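So you can see what is in the structure, the chains are spelled out below.
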Amino acid sequence: DPCILPHLRAVGLLDYFPLENIYGQDSAELQRFNFVKGRLIATLMSLRGWASQDALFIDDSARHIDDAASVCDVLHVARNGLSD
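Fair warning: this is a prediction, and the values are worked out from it, not measured in the lab.

### A word on the pattern of salt bridges
- Inspection of every chain in the model, using the stated rule, returns one salt bridge.
- Between Lys37 and Asp59 there is a salt bridge; the shortest N-O distance is 2.8 Å. You can see Lys37 sitting in helix 3 (residues 37–48) and its partner Asp59 sitting in strand 1 (residues 56–59), a full 22 residues away along the chain.

Now the structure itself:
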């Protein structure tokens with residue numbers, strides 16, 4: 001299971017995200033894009049007809065944030081991500 005699930009559950013947000021729309025770090029979808037989250041996000045947004053301002057990507061990895069910054073709005077969570 002994606003590691004974000006317990007965090008979404010803890011803050012009462014899990015019901016707003018269908019499980020099929022949550023992609024874990026080892027998901028087949030992410031593997032298809034060589035683990036470049038920005039490329040996966042760009043493809044999903046294109047399939048859904050979303051503009052860059054329609055999505056927000058949050059991650060604690062500067063590399064993943066950099067990869068997605070040209071695709072959508074991003075928020076870099078510092079240090080140890082959601083555990084801080």
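### Re the layout of surface pockets
- Here the largest pocket defines a volume of roughly 1,300 Å³.
- Going through the elements one at a time, helix 1 (5–10), helix 3 and strand 1 are the ones with two or more residues in the lining of the largest pocket.
- Sorting elements by how many residues they give to the lining of the largest pocket places helix 3 first, with six residues.
- For the lining of the largest pocket, the residue count by class is 22 nonpolar, five polar and five charged.

Rules used throughout
- Residues numbered from 1 in each chain as written.
- Predicted model: local features only at pLDDT ≥ 70, side-chain atom pairs only at ≥ 80, totals over all residues.
- Heavy atoms only, no water.
- Salt bridge = Lys/Arg side-chain N within 4 Å of Asp/Glu carboxyl O.
- Helix = DSSP H or I, 4+ residues; strand = E, 2+ residues; numbered from the N terminus.
- 1 Å grid on protein atoms, 1.4 Å probe; cavity = no way out; pocket = protein on both sides within 12 Å on 5 of 7 lines; lining within 4 Å.
- Points joined across faces, edges and corners; volume = space filled by probe spheres on them.
- Nonpolar A, V, L, I, M, F, W, Y, C, P; charged D, E, K, R; others polar.

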